[in-house]
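Chain residues, written in single-letter form:
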Amino acid sequence: MTEPRTVRCLGCDRRIDADARVCPHCGELQPTPILAVGAVVVGVFAFLFGFLLGAFTVGVTRWIGFALAVVGFGLAVGGYTSYLDARARRGGRAR
């Protein structure tokens, strides 16, 4: 028989079921990776669109494209690292 997978609560640091969205001990809402994945998807799209806009246009539109590429890169990298941090915290490996 397999044991249920458990993680640590972000609020009280007790072991809870990995599928729990709210801690049964302290009531703390547990993070979901959906927002981090959404930030990565939006960031990659913004980076690619901004790069194309900046590379193939002239004038102010070029600057807007490059700015969009920089913001998109930041969103993609930030979303991915946020996902990794949340995963490490829930697994009890980071303190």
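Residues numbered from 1 in each chain as written. Predicted model: local features only at pLDDT ≥ 70, side-chain atom pairs only at ≥ 80, totals over all residues. Heavy atoms only, no water.

### Topic: the overall build of the chain
Within the chain, the secondary structure is distributed over two helices and two strands. Each helix and strand of the chain, ordered N terminal to C terminal, gives the series β-β-α-α. Against the globule reference of 12 Å for 95 residues, the chain gives a C-alpha radius of gyration of 19 Å, more extended than a compact globule. Judged by the C-alpha coordinates and their principal axes, the chain covers about 60 × 30 × 20 Å. In the chain, the share of contacts with a sequence separation of at least 24, taken over all contacts with a separation of at least 6, comes to 35%. Counting every atom, the chain has about 6900 Å² of accessible surface; 67% of that belongs to carbon and sulfur. (Helix = DSSP H or I, 4+ residues; strand = E, 2+ residues; numbered from the N terminus. Rg over C-alpha atoms; globule rule 2.2 N^0.38 Å. Contact = heavy atoms within 4.5 Å. Areas by Shrake-Rupley, 256 points an atom, 1.4 Å probe, with all protein chains shown as cover.)

### Topic: unusual backbone geometry
For Asp 13, which is not a glycine, the phi torsion comes out positive at approximately 65 degrees. When you line up the elements, Asp 13 lands in the loop between β1 (6-8) and β2 (15-17).

### Let's talk about the packing of aromatic side chains
Taken as a whole and judged by the stated rule, the model has three aromatic pairs. On the basis of an interplanar angle of 20 degrees and a centroid distance of 6.5 Å, the ring pair of Phe 47 and Phe 51 is categorised as stacked. Of this pair, Phe 47 and Phe 51 both sit in helix α1 (residues 34-55), separated by four residues, roughly a single helical turn. Ring centres 6.2 Å apart and planes at 55 degrees place the aromatic pair Phe 47 and Phe 73 in the tilted group. Pair noted here: Phe 47 is in helix α1 and Phe 73 is in helix α2 (residues 60-91), with a separation of 26 residues, a long-range link. (Phe/Tyr/Trp six-rings, centres within 6.5 Å; stacked < 30°, edge-to-face > 60°.)

### Observations regarding the environment of Arg 21
By secondary structure assignment, the location of Arg 21 is in the loop between β2 and α1. Under the relative-accessibility criterion, Arg 21 is labelled partly exposed at 39%. (Buried < 20%, exposed > 50% of the residue type's maximum accessible area, 1.4 Å probe, protein only.)

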